[in-house]
Amino acid sequence: EQTLPEHAAYFGEIGLLGEIRPVTRPEARLREIELLGFRRVIAPRYEGRLPAGGLEWLVVDHVVELDRLVGG
């Protein structure tokens, strides 16, 4: 029962123990996120280059961290 912040996109795979794992093709996802006008990305750790548009990247390793990141 919590509203997610506006202009934020989320991606990652949730494991059985609640860990957030990387997904395939993060570069393509990031390009699409930027094209859609999102300004913040909440996702697992990423070692590649971020798009030049200035996305804010918030790393999440486990679902329990989402509450802190979305302002709960």
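Residues numbered from 1 in each chain as written. Predicted model: local features only at pLDDT ≥ 70, side-chain atom pairs only at ≥ 80, totals over all residues. Heavy atoms only, no water.

### Concerning the overall build of the protein
Scanning the protein for helices and strands turns up two helices and five strands. Ordering the α and β elements of the protein from the N terminus gives β-β-β-α-β-β-α. Taking 11 Å as the expected radius of gyration for a compact globule of 72 residues, we find that the protein reaches 12 Å, a close match to that expectation. If you line up the protein on its principal axes, its C-alpha atoms span 30 × 25 × 15 Å. Looking at the protein as a whole, 31% of its 72 residues are labelled buried. (Helix = DSSP H or I, 4+ residues; strand = E, 2+ residues; numbered from the N terminus. Rg over C-alpha atoms; globule rule 2.2 N^0.38 Å. Buried < 20%, exposed > 50% of the residue type's maximum accessible area, 1.4 Å probe, protein only.)

### Some thoughts on the pattern of salt bridges
Counted according to the given criterion, the structure contains four salt bridges. A salt bridge links Glu19 to Arg21, with the nearest nitrogen and oxygen atoms 3.0 Å apart. On the accessibility criterion, Arg21 (32% relative accessible area) is partly exposed. Here Glu56 makes a salt bridge to Arg40, at a shortest N to O gap of 3.1 Å. One end of the pair, Glu56, is in strand S5 (residues 56-59); the other, Arg40, is in strand S4 (residues 40-43), with 16 residues separating them in the sequence. (Salt bridge = Lys/Arg side-chain N within 4 Å of Asp/Glu carboxyl O.)

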